[in-house]
Amino acid sequence: MEKKINNIIISDSLKNLSIYLNNNKFSNLIILLDINIENKCLDLLYKDVPILKLKKTIIIKILSGERYKSLKTCIKIWKIFIKKNIDKKSLLINFGGGVVTDLGGFIASLFKRGINFINVPTTLLGMVDASIGGKNGINFYKYKNEIGVINNPIYTIINYRFLDSLPKKEIYSAFGEILKYGLIYNKKYFNYIKKIKIYGIVNWVKIIYIAVKIKNKIVDKDPKEILGIRKILNFGHTIGHAIESLFLLKKKIITHGEAISLGMICESWISKKVNNLSNKDYKTICKVILSFFKIRKIKKKYFKYILKIIKNDKKNYNNKIYLVLLKNIGSASYNHEVHEKLIIKSIKKMNDLYKKK
Ligand SMILES: [Zn+2]
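Every value quoted in this text rests on a predicted model; they were computed, and no experiment measured them.

Focus on the domain arrangement of the chain
A common way to state how big an interface is: give the accessible area lost once the parts meet.
Logical step 1: Looking at the assigned domains, one finds that the chain contains domain 1 (3-165) and domain 2 (168-355).
Logical step 2: On a C-alpha basis, the centres of domain 1 and domain 2 stand 27 Å from each other.
Logical step 3: If you look at the interface, domain 1 gives 23 residues, while domain 2 gives 28 residues.
Logical step 4: For the domain 1 and domain 2 pair, buried surface summed over both sides reaches about 2500 Å², with 65% attributable to carbon and sulfur atoms.
Logical step 5: The tally of links between domain 1 and domain 2 comes to 3 salt bridges.
Logical step 6: At the junction of domain 1 with domain 2, the criterion picks out 6 residue pairs in polar contact (both at pLDDT 80 or more).
Logical step 7: Elements with a minimum of two residues in the side of domain 1 that touches domain 2: strand S1 (3-5), strand S2 (8-11), helix H6 (124-130) and strand S8 (143-150).

Quick word on the packing of helix H7 (residues 168-185) against helix H11 (residues 256-274)
Helix packing geometry: the angle between the two helix axes and the distance between the axes.
Logical step 1: Packing of H7 against H11 brings their axes to within 6 Å, and their N-to-C directions diverge by 35°. In terms of crossing hand, the pair formed by H7 and H11 is left-handed. Facing H7, whose interface residues are Ser-173, Gly-176, Glu-177, Leu-179, Lys-180 and Leu-183, H11 presents His-256, Gly-257, Ile-260, Ser-261 and Met-264.
Logical step 2: Grouping the constituent residues of the contact of H7 with H11 by class yields 4 nonpolar, 5 polar and 2 charged.

Things to note about a positive patch on the surface
Logical step 1: On the surface, Lys-187, Lys-188, Lys-194, Lys-195, Lys-206, Lys-280 and Lys-287 cluster together to form a positively charged patch.
Logical step 2: Counting only elements with at least two residues in the positive patch, the list comes to helix H8 (187-193) and helix H12 (279-292).
Logical step 3: Take Lys-206: it is sitting in helix H9 (residues 204-221).
Logical step 4: Since its relative accessible area comes to 35%, Lys-206 is described here as partly exposed.

Some words on H12
Logical step 1: Over its 14 residues, H12 runs 20 Å from end to end, which matches the ideal 20 Å to within 8%, given 1.5 Å per residue.
Logical step 2: Every buried residue of H12 is listed here: Asp-281, Tyr-282, Ile-285, Cys-286, Val-288, Ile-289 and Phe-292.

Quick look at the coordination of the zinc ion
Angles between donor atoms at a metal ideally measure 109.5 degrees for a four-coordinate tetrahedral arrangement and either 90 or 180 degrees for a six-coordinate octahedral one.
Logical step 1: Taken together, Glu-177 (OE), His-237 (NE2) and His-256 (NE2) make up the full set of protein donors to the zinc ion, lying 2.1 to 2.5 Å away.
Logical step 2: Site description for the zinc ion: donor spacing in sequence, E-x59-H-x18-H. Of this pair, His-237 sits in helix H10 (residues 237-249) while His-256 is found in helix H11, placing the two residues 19 residues apart along the sequence. Taken individually, His-237 and His-256 each receive the classification buried, so the pair is uniform in this respect.

How each quantity is defined
Residues numbered from 1 in each chain as written. Predicted model: local features only at pLDDT ≥ 70, side-chain atom pairs only at ≥ 80, totals over all residues. Heavy atoms only, no water. Domains from an automatic or database assignment. Contact = heavy atoms within 4.5 Å. Buried area = accessible area lost by both parts, 1.4 Å probe. Salt bridge = Lys/Arg side-chain N within 4 Å of Asp/Glu carboxyl O. Polar contact = N/O pair within 3.5 Å; in protein donor to acceptor, adjacent residues only side chain to side chain. Helix = DSSP H or I, 4+ residues; strand = E, 2+ residues; numbered from the N terminus. Axes fitted to C-alpha atoms, helices over the stretch in contact; angles between N-to-C directions. Left-handed = near helix turned anticlockwise from the far one by under 90°. Nonpolar A, V, L, I, M, F, W, Y, C, P; charged D, E, K, R; others polar. Patch = residues over 30% accessible without salt bridge, like charges linked within 9 Å, V, L, I, M, F, W, Y side chains within 5 Å. Areas by Shrake-Rupley, 256 points an atom, 1.4 Å probe, with all protein chains shown as cover. Lys, Arg positive; Asp, Glu negative; His and termini not counted. Charge placed at Lys NZ, Arg CZ, Asp CG, Glu CD. Buried < 20%, exposed > 50% of the residue type's maximum accessible area, 1.4 Å probe, protein only. Expected span 1.5 Å × (residues − 1). Donors = N, O, S within 2.8 Å, 3.2 Å for Na, K, Ca; no water.

Structure, rendered in structure tokens:
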């Protein structure tokens, strides 16, 4: 089965990439690759796109992990581009997870004022989020995605068969983002997702297709994030990112999906307090999220740090905190000014869910 939305293709192979490369001439083909990428993924790439093996493809391997999504990595790669005479007619293929597509898109968008690039995400998070929507960027001075550019790849080619070799932990992480799409935009999708058993038979095309469709619909209404509607994609991310940063600082491991799911629990509680989200919906949200993730308690001594990070968030200004809040499951609104006391209270409420277990 193959599904297509705009320039995003979802199927069980990379044949479309092969067809595109055979029909279009590029002076250079460059693959930006995560060094940890499974050999199985590379085998699938070469099997479906033999031209990449035949031609003099330039392969650039990078270390994966958020800390390498940096200006230092960009400089290294731009130097390689210059050495290899990469010109405007070259094509960069970003092959990997969110770090690779975020970084690669940024590198391609700035080099010689922009060369073409294609995203081939190999993780579920990349397929449903990072590789679509046109956001590219790097982390800078302790802040996530602080420097970046909105620019779309020629194509995003999704082959869900890459998921076979993905650790279950990473599959779970993506479900944070997938649940978010249901919560902010589509109740039916949320109800479908909540019944998914990751270890069972999963209809990946359906899950990815609807997630991509929702994200695309929202992004299309506000591609440059000027009108505001695109902000609803940040649901759970204001508090979630702060939790993620805290764990990063403490050198403790938390996946992005886990962190934003905890953020969604906190922000749902605030939605109940100030946006009329019903208690029934709030309870359902907590129950569903807790069927995918465990509560990670946040100690009181870190509350100040969490607030500091939130105030520095790109989504806020004038030292005020603005949140995306739910009205009910399937619909969200944005630009809600929320007092910091309410943020702290929501984290305490989230902590309480841990005690009850
Ligand atoms: Zn996210």
